[in-house]
Amino acid sequence: MLLWIVSALAGDGYFFAGGGLAARPGWDGTDFTLGGELEGDLRFQAGMVGGRFDLDITATALPTLGLVTFAPDVPVIDTLRPEWAMLEATGETWAARGGIINPAFGLEDWDDWALYLPTHGQYFAYTPGRLAGSEFAWTFGDGPTVAIGGGYDMDWEQPIVEANITWESDAFATYSGIAAYPAHGRYGAVLGAEVYPAEFVTLALGGMAGVDGTSPYADVSIYGVFLPAGIVNPTVRVEGAFDPDGVTGAVPFAASVGGAVAPTDWLKFLVEGKASLVGPDVVPGVYASLCVYRVEPPEAE
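This structure is a prediction, so every number in the text was calculated from the model and none was measured.

Participant: What should I look at first to understand the nonpolar core in this one?
Facilitator: Inside soluble globular proteins, nonpolar side chains tend to come together where they are buried. Counting residues in each nonpolar core, the largest one holds eight residues, listed as Leu 107, Tyr 116, Leu 117, Tyr 123, Phe 124, Ala 204, Tyr 223 and Val 225. Leaving out residues up to four positions away in the same chain, Tyr 123 has contacts with Leu 107, Glu 108, Gly 206, Gly 207, Met 208, Asp 219, Ser 221 and Tyr 223. Counting seven residues, the second-largest nonpolar core is a separate cluster that includes Ile 101, Leu 131, Ala 179 and Tyr 181.

As structure tokens, this is what we get:
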């Protein structure tokens, strides 16, 4: 791996180092919270061989001070979350990757600076996690990329088999897939889609539906993002859930209004006012995220 990185740095390939820092204040209707995330990113490509490494540390200051731990309960990995830690081989129309990967389905990313609002849609919490395994992908001309993969879901601590399709065009984009946890009897479809009806608005849909054992569920989040190419992006989100057995933990209805202010390509401030239906009560919340980051250019060669 070091030889490939050196080769890329010498001009025989591509190399990128970046990352970000996010501070997350919030009020959940009862308590004031404050946390944050620090991420370091690395990408490289040398000939047919490339790699991606995204490493996060997440911490809270309020209501308690400390590092946030994640599954699996393994030293280093449970506090230094590897979102990506993989090597891949690529051709003109195919890719084969292995290690710790994040399959490309779902509307939202892990990181604050990639979100429309400072909180994820509630469907996100039930989507598949980090896959320790392998994935194979094929791109069909200017059309979709289809991938299949399998291994061990490090966040749900279960074996997983998955397939996904991604396609970005001037009119729409999709990041959708299916996932199966046969040992647990859990099966679901993840939907991520954007449409661009006009320059001043992006409409987006994120969600997940399936069965967990004998329990059906469906969580949906609908977004309207206005002035998406501007410095200020006002955003609304409406969410609904069908979860009669409570397997996802989602509330039946929630609505948010807020957006993002991004004065530069390395600074972003997100804010959100949210109302959630919890039992018979409407619970208010206010959330924000201040992000300083350096992300990979979208058209990197």
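Participant: I'm lost on the packing of aromatic side chains in this one. Help?
Facilitator: In this description, an aromatic ring pair is defined by two values, namely the gap between the centres and the angle between the planes. Applying the stated criterion to the full structure yields six aromatic pairs. With a centroid separation of 5.9 Å and 10 degrees between ring planes, the pair formed by Trp 113 and Tyr 293 is classed as stacked. Within this pair, whereas Trp 113 is found in the loop between β6 (94-101) and β7 (131-139), its partner Tyr 293 is found in strand β17 (residues 281-294), the two being separated by 180 residues in sequence. Overall, the relative accessible area of 8% leaves Trp 113 in the buried class. Relative to Tyr 223, the ring of Tyr 116 has its centre 4.9 Å away and its plane inclined at 45 degrees; by these criteria the two rings are tilted. Within this pair, whereas Tyr 116 is found in the loop between β6 and β7, its partner Tyr 223 is found in strand β13 (residues 215-226), the two being separated by 107 residues in sequence. You can call Tyr 116 buried: its relative accessible area is 15%.

Participant: Would you explain the side chain of Asn 233 in this entry?
Facilitator: Looking at where Asn 233 falls in the secondary structure, it is placed in strand β14 (residues 232-242). Judged by relative accessible area, which is 10%, Asn 233 ranks as buried. Contact partners of Asn 233, with chain neighbours within four places excluded, come to Val 225, Phe 226, Leu 227, Pro 228, Gly 258, Gly 259 and Ala 260.

Participant: Would you mind showing me how to read unusual backbone geometry here?
Facilitator: Across the chain, the bulk of peptide bonds are trans and the bulk of non-glycine residues have phi less than zero. Here the bond from Leu 62 into Pro 63 is cis, since omega is 5 degrees, no more than 30 degrees from zero. Here Pro 63 is to be found in the loop between β3 (49-62) and β4 (66-67). Between Ala 71 and Pro 72 the backbone carries a cis peptide bond, its omega angle lying at 0 degrees. One non-glycine residue, Glu 157, adopts positive backbone phi at about 55 degrees. Here Leu 227, not a glycine, exhibits a phi torsion of approximately 55 degrees, which is positive. A residue is classified by how much of its surface remains accessible, and Leu 227, at 47% relative accessible area, is partly exposed.

Participant: Is there a simple way to explain the environment of Ala 17 in this structure?
Facilitator: You can see Ala 17 is positioned in strand β1 (residues 13-27). Considered as a pair, Ala 17 and Phe 53 are 36 residues apart in the sequence and their alpha carbons are 9.6 Å apart. Excluding anything up to four places from it in sequence, Ala 17 contacts Asp 41 and Arg 294.

Definitions and cut-offs
Residues numbered from 1 in each chain as written. Predicted model: local features only at pLDDT ≥ 70, side-chain atom pairs only at ≥ 80, totals over all residues. Heavy atoms only, no water. Core = buried A, V, L, I, M, F, W, Y, C linked by side-chain atoms within 4.5 Å. Buried < 20%, exposed > 50% of the residue type's maximum accessible area, 1.4 Å probe, protein only. Contact = heavy atoms within 4.5 Å. Phe/Tyr/Trp six-rings, centres within 6.5 Å; stacked < 30°, edge-to-face > 60°. Helix = DSSP H or I, 4+ residues; strand = E, 2+ residues; numbered from the N terminus.

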